[in-house]
Amino acid sequence: MPEFFLRAVRRLAALALLWPLLQPSASAQASPDGPPPRIGVVTMTPGEEYWARFGHNAIVVDDPARGLRISYNFGYFDFDQPGFFINFLRGHMRYRLVAMTLEDDLRSYAEEGRGATLQWLDLEPGQASAVRDHLAWNALPENAEYRYDYFSDNCSTRVRDVLDRALEGELSRQLSGRSHGLTYRMESLRLGAGVPWMALGMHAALGPSADRPLSIRDEAFVPQRLADALAEARSTTGQSLVRDTVMLLPDRLGLERAAPPALRTAFAGTGIALALALAMLLRPRAGRIPRRIGAALAGTVWLACGVAGLVLLGLWGFTDHRAAFGNENWLLLNPLCLLLLAALPALARGRRTFAFLRHTARLVLACSALALFLRFLPFRVQDNGDFIALLAPVHAVLAWRLSQWIAHPPTNEGLPDPKD
């Protein structure tokens, strides 16, 4: 089916659903003082898929005058969108607002076993009507798409901002001046811990901006944090903003953790174990098999660090992923490690290495020391102690062993010809 035809069908379907919201209904014309719409926020618990680990939320508009109960969901994206993967890498993701009945919106969450809780809000009639009218306009095909950002502009912050707009900034005034001391990194690790590759990737890729303390308003990028904030907030009349809370679906998964995992001990233990293994396997007088095993282990470390470092610098210099800017982890996941792969044949055979490789290994170690030094500066806030504990001992042992080959060659068998 042609793409332009599909787009036309989508536009017509959206207009058919939203047309009653854009026109004065007969009941509204006959009774100007008819019941105003009810506005609620429905919060869904995390799901098993990696993109669902942070949970989700939507705004519900229950309009008795028009006989509509619509869920406005800002969390839709399309894997089949042209250039989706390239745009994802560049930080140019496009999400959209979709309007549907609440029952249709909840169906997939019920099938997945995810919970859903609805908070009905105590808004003035004019405020509730403003939310309804703004969402109806926002859900039109020409207005529905927006530039997505993980932390500052996502499905949950959009819900927060729609409500704050109707409350004339009152919600922001209540939430901006307070903090629980949480950070983007802490929340990302807490919610992503169930998917280790995602949690480790976020931990490595997030820069110093992810470690500043968040206000409660900023915490609302997590749907459940927004629900908690709404439960404590006050309306413009001084009453509790949440009038009633209703559980729509039970949570059968229980994936949301209360706190992020403590990783420092595991990272430090792994780093020390790797360093000791490399120190033993790459001893100057080690046998051929231990040397080759040690060289393979060193090559794995250097390749992983070098590739990861290039990715971190690429995110910083060539994309719009702002949370990755200024990332000091490239000092530990160092692209210079790729040059050290040239030392592997010499390590495996017990031969001397080139001087520039020894100097490169020392430079990698110096970068690790710089990362540790930056941790003590008050104006540097990046929480990368886990990666320092993991990689600094490894880089130190590798630089030491590369330097030892000249002074203490393992055997005469491994020495190059003197004329070299």
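Residues numbered from 1 in each chain as written. Predicted model: local features only at pLDDT ≥ 70, side-chain atom pairs only at ≥ 80, totals over all residues. Heavy atoms only, no water.

## Some details on the overall build of the protein chain
This is how the line gets drawn: Counting from the N terminus, the helices are the DSSP runs of H or I reaching at least four residues and the strands are the DSSP runs of E reaching at least two. Note on definitions: a residue-residue contact is assigned when non-hydrogen atoms from the two residues lie within 4.5 Å. Only the protein chains shown count as covering a residue, and every accessible area follows the Shrake-Rupley method with a 1.4 Å probe.
The number of helices and strands found in the protein chain is 16 helices and seven strands. At a minimum sequence separation of 6, the contacts of the protein chain that also span at least 24 residues come to 78%. Carbon and sulfur atoms make up 61% of the accessible area of the protein chain, which totals about 20,600 Å².

## Re the sheet that holds strand 7 (residues 242-249)
What counts is decided by this rule: Here a strand pair is declared whenever DSSP counts at least two bridges between the two strands. Think of each axis as a best-fit line through the C-alpha atoms, taken over the contacting stretch in the case of a helix, with angles from 0 to 180 degrees between the N-to-C directions.
Strand order in the open sheet formed by seven strands is 6-4-3-2-1-5-7, and the pairing between neighbours is antiparallel. Every other strand in the sheet has two partners, leaving strand 6 (145-147) and strand 7 as the edge strands with one partner each. Each neighbouring strand pair of the sheet contributes to a mean axis angle of 25°, computed without reference to strand direction. Strand direction decides the pairing type here: strand 1 (residues 38-44) and strand 2 (residues 56-63), joined by seven bridges, are antiparallel.

## Section: the side chain of Q119
Relative to the helices and strands, Q119 is located in strand 5 (residues 116-121). Residues in contact with Q119, not counting those within four places in the same chain, are I39, G40, V41, T43, A227, L230, A231, V242, D244 and T245.

## Side note on the pairing of strand 3 (residues 68-76)
Each regular strand carries side chains that alternate between the two faces of the sheet. By the bridge criterion, five bridges tie strand 2 to strand 3 in an arrangement that is antiparallel. Bridging across to strand 3, D62 finds its partner in R69. Taken together, strand 2 and the strand that follows it, strand 3, pair antiparallel across an intervening segment of four residues, in which G67 is found at a positive phi of about 65°. Bridge count between strand 3 and strand 4 (residues 94-101): five bridges; the pairing is antiparallel. Among the inter-strand pairings, Y76 is bridged to a residue of strand 4, identified as R96.

## A closer look at the packing of helix 12 (residues 264-281) against helix 13 (residues 288-318)
Stated formally: When the near helix sits turned anticlockwise from the far one by under a right angle, the crossing is termed left-handed; a clockwise turn instead gives a right-handed crossing. Residues are grouped as follows: Ala, Val, Leu, Ile, Met, Phe, Trp, Tyr, Cys and Pro are nonpolar; Asp, Glu, Lys and Arg are charged; all remaining types, including Gly, are polar.
Direction vectors running N to C along helix 12 and helix 13 enclose 140°, while the axes themselves pass 8 Å from each other. For the crossing formed where helix 12 meets helix 13, the hand is left-handed. Taking contact as the criterion, the partners of L274, A277, L278 and L281 in helix 12 are, on helix 13, P290, R291, I293, G294, L297 and A298. For the contact of helix 12 with helix 13, the per-class residue count stands at eight nonpolar, one polar and one charged.

## What to know about the packing of aromatic side chains
Threshold: Under the pairing criterion, centres of Phe, Tyr and Trp rings, with the six-membered ring standing for Trp, must be within 6.5 Å; the plane angle then separates stacked pairs below 30 degrees from edge-to-face pairs above 60, leaving the rest tilted. Between buried and exposed lies partly exposed: a residue is buried under 20% and exposed over 50% of the maximum accessible area for its type, with that area taken using a 1.4 Å probe on protein chains only.
With the rule as written, the count across this model stands at 14 aromatic pairs. Arranged with centres 5.1 Å apart and planes meeting at 40°, the rings of F77 and Y95 form a pair that is tilted. With a gap of 18 residues between them, F77 in the loop between strand 3 and helix 3 (84-90) and Y95 in strand 4 connect regions that are remote in the sequence. F77 sits in the partly exposed class, given a relative accessible area of 22%. On the basis of relative accessibility, which here comes to 13%, the residue Y95 falls in the buried class.

## Details of the pattern of salt bridges
Our working definition: Salt bridges, as used here, are contacts in which a Lys or Arg side-chain nitrogen is within 4 Å of a carboxyl oxygen on Asp or Glu.
For the structure shown, the criterion picks out 24 salt bridges. Taking the shortest distance from any N to any O, the salt bridge between E112 and R114 comes out at 3.4 Å. Given a relative accessible area of 40%, E112 falls into the partly exposed group. Ionic pairing is found between D218 and R212, a salt bridge with its closest N-O pair at 3.6 Å. Taking relative accessible area as the criterion, R212 reaches 37% and is therefore assigned partly exposed. Each of R160, D161, R212, R217 and D218 takes part in one network of salt bridges that share partners.

## Description of the packing of helix 8 (residues 184-192) against helix 9 (residues 196-205)
To keep things clear, this is the line we draw: Roughly parallel refers to an angle under 35 degrees, roughly antiparallel to one over 145, roughly perpendicular to one between 65 and 115, and oblique to any angle outside these ranges.
For the pair helix 8 and helix 9, the least separation of the axes is 9 Å and the interaxial angle reads 170°. Classified by the interaxial angle, the pair formed by helix 8 and helix 9 is roughly antiparallel. In this structure, helix 8 uses R185, S188, L189 and G192 to contact helix 9, whose residues at the interface are P196, M198, A199, M202 and H203. Residue composition of the contact of helix 8 with helix 9, grouped by class: five nonpolar, three polar and one charged.

## Some points on the environment of E103
Tracing the sequence through the fold places E103 in helix 4 (residues 102-112). In this structure E103 comes out as partly exposed when scored by relative accessible area, which is 45%. Considering only alpha carbons, one finds E103 and I70, 33 residues apart in sequence, at a separation of 8.8 Å.

## Quick word on helix 6 (residues 155-166)
Note the following rule: One fewer than the residue count of a helix, multiplied by 1.5 Å, yields its expected span. Distance and chemistry together define a polar contact, namely a pair of N or O atoms within 3.5 Å, with one atom able to donate a hydrogen and the other to accept it when in protein, and with adjacent residues in sequence counting only for side-chain atoms on both sides.
A rise of 1.5 Å per residue sets the reference length of helix 6, with its 12 residues, at 16 Å; its end C-alpha atoms lie 17 Å apart and thus fit the reference within 8%. Of all 12 residues in helix 6, nine are buried; the element is thus mostly enclosed. Along helix 6, the residues that are buried comprise C155, S156, T157, V159, R160, V162, L163, D164 and A166. Capping of helix 6 at its N-terminal end is provided by N154; its side-chain oxygen lies 3.0 Å from the backbone amide nitrogen of S156. Where helix 6 terminates, the next one or two residues include E168, which has phi positive at roughly 55°.

## Section: the pairing of strand 4
As paired strands, strand 4 and strand 6 are joined by three bridges and run antiparallel to one another. Bridged to R96 within strand 6 is E145.

## Considering helix 8
Across the nine residues that make up helix 8, a large majority, eight, are buried. For helix 8, the set of buried residues is Y184, R185, E187, S188, L189, R190, L191 and G192. Its buried side turned inward, helix 8 meets helix 9, helix 10 (216-219) and helix 11 (223-232).

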